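Survey of secondary and tertiary structure
Okay, here's what each chain looks like letter by letter:
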Amino acid sequence: MTLQGKLLVSLGVGLVAVYTVAQLAQQTLSRRTLEELAAASVAKETDKQWQWVRIVEGATSVSLMQAMAAGEMETVNHVLAGQSQVPGVLEVSFYNIRGTVALSSDPAARRRPMPEELRDGLLSRPEPVHRQTEKAFEIYRPMPVTAGCVECHANFRGRAVGGVMAYRYSTAGLAEARAEWAGFEETLLQQNRRTALATSAALLLVLGGLVVLLVRSQIVRPLGRVARQLEDNSGRVRQASGSIAEASQALASGASEQAAALE
């Protein structure tokens, strides 16, 4: 390989290495920034979903508790049936003091036991529980036992909670938001990668051309001039050597003639 080729290869490899490291650092920073933006957006969307769920659950719970307190079971069933038609509502159920579903907007939920990890706390303290699972936003609202409750339900005597109202709302909207952000992130990163490849190719072409010009102007041409000068000097040396050889031969010939004459 010529000197020019070796220089070009060395410079090309160095430039590719430096540019690759810079692009990897930029890709890592971009991905981290996008992940932070996605997390912030999903958290904001989660808060909005929770606000909506609390509003709808509060209105529904008030209607159901008032109807149940008045013993208007027809109204209770009507409200539950209406909830089954609300988009996003998975279930509105009432758990009895045994921890099983007694009434529900979803007929398949009847007699289903309360989640074991929540049972003891909900049936002993009138404090609502909010939690988010993979599939639902869940609100469990214990119904405190009052004097009026004991008059109608003697088995409520000595208990703090007479049942638990459960409201479950779908997290499908949140899952869609996550999927949209994931798709946006992947699309943007792919575009960045394609842009980086195109920029790398253009940069290598431009820098390769500049390196060729610089090598030719700063190295090849000066070396060519030096080589020509050396060649000229070597020619002069050859000429001088020839002249010296001729002179030596003439001197030797003259010395032989003088020796012969002396003899």
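Read on for an overview of the structure.

The rules behind the values
- Residues numbered from 1 in each chain as written.
- Predicted model: local features only at pLDDT ≥ 70, side-chain atom pairs only at ≥ 80, totals over all residues.
- Heavy atoms only, no water.
- Helix = DSSP H or I, 4+ residues; strand = E, 2+ residues; numbered from the N terminus.
- Buried < 20%, exposed > 50% of the residue type's maximum accessible area, 1.4 Å probe, protein only.
- Contact = heavy atoms within 4.5 Å.
- Areas by Shrake-Rupley, 256 points an atom, 1.4 Å probe, with all protein chains shown as cover.
- Salt bridge = Lys/Arg side-chain N within 4 Å of Asp/Glu carboxyl O.
- Arc of directions from axis to C-beta.
- Phe/Tyr/Trp six-rings, centres within 6.5 Å; stacked < 30°, edge-to-face > 60°.

A count of helical and extended segments in the protein chain gives five helices and five strands. Across the 263 residues of the protein chain, 27% fall into the buried class. Pairs at least 24 apart in sequence give 62% of the contacts found in the protein chain among residues at least 6 apart. Accessible surface for the protein chain amounts to roughly 17200 Å². Of this, 60% is attributable to carbon and sulfur atoms.

The next point concerns the pattern of salt bridges. Considering all chains together, one arrives at six salt bridges under this definition. With a shortest N-O distance of 2.7 Å, R131 and E117 are connected by a salt bridge. With a gap of 14 residues between them, R131 in strand β3 (residues 129-132) and E117 in helix α3 (residues 116-124) connect regions that are remote in the sequence. Of the residues examined, R131 reaches a relative accessible area of 22% and is grouped as partly exposed. Since its relative accessible area comes to 58%, E117 is described here as exposed. Through salt bridges with shared partners, a single ionic network connects E91, R112, E117, R131, E138 and R168.

Those residues of helix α2 (residues 73-83) not exposed but buried are V76, V79, L80 and Q83. What you see down the axis of α2 is that its buried residues fit within an arc of 100°, all on one side. Facing away from the buried surface of α2 by more than 90 degrees, the exposed residues are E74 and H78.

What follows is about the packing of aromatic side chains. Within the structure shown, the criterion is met by one aromatic pair. For the pair W50 and F137, a centre-to-centre distance of 5.0 Å together with 75° between the ring planes defines the contact as edge-to-face. One end of the pair, W50, is in helix α1 (residues 3-69); the other, F137, is in strand β4 (residues 136-144), and 87 residues separate them in sequence. Summarising the burial analysis for this pair, W50 and F137 share the class buried.

Here we take up the environment of Q26. Among the structural elements, Q26 can be located in helix α1. Owing to a relative accessible area of 45%, Q26 belongs among the partly exposed residues under this scheme. Taking C-alpha positions, Q26 is 9.9 Å from A196, a pair spaced 170 residues apart along the chain.

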